Amino acid sequence: MKQEPLRLTIFISIIVCIFAIIVSIFILNDEQLPKETQIQVINNQEFILDKSAKHNYLIVGVDGKFGFARDNGEIFDEQLYDVLSVADYGLYYFKKATVQGFLDAELNEIFSTEETINSNVSENFVIYSSNNKKGFINITNGEKIKADYDVAYDFSEGFAAVQIGKATGFINTKGELVIPCQYSNNAMYQFKSGKCNVMTGSLEEGNLCAFYIDTEGNKLFDLDFDYCMPFSDERAFVSKNAEWYIIDSEGNKVGENTFGPYEKTAPAVFKEEKAIVVKDGKYGVIDTDGNYTVEPEYDYMSEITEGGIVFKQNGLFGYMNIGGSIMITPRYESLSSFKNGLAVFSQDHKYGVIDRAATVVVNAEHENISIMDNGLIKIQTTDNKFYYLNKYGQTVYKSTENQ
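So, here is what we can say about the structure in this document. Counting starts from 1 at the beginning of each chain's written sequence and moves along it residue by residue. Since the coordinates come from a predicted model, pLDDT governs what is reported: local features require at least 70, and pairs of side-chain atoms require 80 or more to be given and counted, while whole-chain, interface and lining totals use all residues. With hydrogens and water stripped out, all remaining heavy atoms of the structure feed into the side-chain values.

Before going further, it helps to spend a moment on the state of the cysteines. Counting rule for disulfides: a pair of cysteine sulfur atoms within 2.5 Å. Taken as a whole and assessed by the stated rule, the structure comprises 0 disulfides. For the unlinked cysteine Cys228, the closest cysteine sulfur is that of Cys196, found at 8.6 Å. Taking relative accessible area as the criterion, Cys228 reaches 5% and is therefore assigned buried. Each residue is assigned to one of three classes by its accessible area relative to the maximum for its type, calculated with a 1.4 Å probe on protein chains only: buried under 20%, partly exposed between the two thresholds, exposed over 50%.

Backbone hydrogen bonds hold the strands of a sheet together, and the pairing may be parallel or antiparallel. The strand order β18-β19-β20-β21 describes an open sheet built from 4 strands, whose pairing is antiparallel. The sheet is open, and its two borders are formed by β18 (227-228) and β21 (253-259), each paired with just one other strand. Strand pairing follows a simple DSSP-based rule, namely that at least 2 bridges must link the two strands. Here a helix means four or more residues in a row that DSSP labels H or I, a strand means two or more in a row labelled E, and each is numbered from the N terminus. Note: strand β20 (residues 243-248) against β21, 3 bridges, orientation antiparallel. By the bridge assignment, Ile246 is partnered in β21 with Val254.

Before going further, it helps to spend a moment on the sheet that holds strand β5 (residues 92-96). Reading across from one edge, β1-β7-β6-β5-β4 is the order of the 5 strands in this open sheet, with antiparallel pairing throughout. This sheet does not close on itself; its edge strands, each paired only once, are β1 (39-41) and β4 (83-86). Between one strand axis and the next, the sheet turns by 15° as a mean value, whatever way the strands run. Pairing between strand β6 (residues 99-103) and strand β7 (residues 109-113): 4 bridges, direction antiparallel. Pairing of Gln100 across the sheet is with Thr113, part of β7. Working convention: axes come from line fits to C-alpha atoms, limited for helices to the stretch in contact. Angles between N-to-C directions cover 0 to 180 degrees.

Now for the nonpolar core. By size, the foremost hydrophobic cluster in this structure holds 25 residues, and its most contacted members are Phe170, Tyr212 and Ile213. Those elements that place two or more of their residues in this core are β13 (159-164), β15 (177-183), β16 (196-200), β17 (209-213), β19 (235-240) and β20. Among buried residues, those of type Ala, Val, Leu, Ile, Met, Phe, Trp, Tyr and Cys that are joined through side-chain atoms within 4.5 Å constitute a nonpolar core. With 23 residues, the next largest nonpolar core counts Tyr262, Ala275, Ile286 and Met301 among its residues.

By themselves, these figures tell us nothing about what the structure is for.
This is the structure:
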């Protein structure tokens, strides 16, 4: 009779041991599970959906850390970030220890995460990487589109091209694969005016075929091309039998002119209802009816910016307005497109800055100059320092280290 308490004690001990082992297993497994990566939306207000929105503040570096200064050179007190750079929509990308994210135009932190993200934003989304796969995070609400893709591209008109293996398809903003991965990877696809240029086949196999689809993946126009470009201004450049021509939004040929050949480039898209074209190795300008507004007689033309075009003739660069009137006669070794009324030029392999009247703002005596979107001029020095000038050539900030 005295053995019953002993048996009960042994039984209880066994039960306790089993329970302890089970708890230990759960704890161990929980420790081995990946923790949910931090994603924080700090300010849910929409930022300005203007890709070219200007950045009002200067990025400056002090003692290996980065912060901001106003455009008059006044430095903010704290240098908080390991990395700072400008992004579209007037945003700033930052990295601080293991956290990355974005600041809005007024330097409010609007999104941060411990995920590995791209340094830019497209239509509220940033691309992130996980286990060598790509996905998206919505920076306005923190919601994820799972990283299931080998390659991911920016959103355009609510769709993003994604790649699985050697095939490309499209997802929507909900992360749904609405157009299966079935197109070749010979181009970066983006929807414009509800249409997207896509390709099947491959150049190596000699069966490359280009055409347009709508947002449901339906083929448009029932036309095949050798190559085709994105739509802009309801026009697109297409190529058939080594000749480029223009079609309208219904797939009809526009005008009688053909263009090319293009050896290492493709036709530019329409901008301000004009497009730069090449004909027999010379550059000119056409309107949306396909007619020349500037005859193809130049050695080179840049893209259209701020209503003007940089061109090259007889080995030197000049500048014309969009109508073809010469504003600056060819005189420079090189000339950048104008930004905020300023352009970088070179003479004797040194760089300076001019305005639209060809007045020299900064003498050509520097190794590296760039024009910022807020109109300031950034000059990199030979000792890896930099400084900012205003549009009058006056210094507003000098660095103590490289940026």
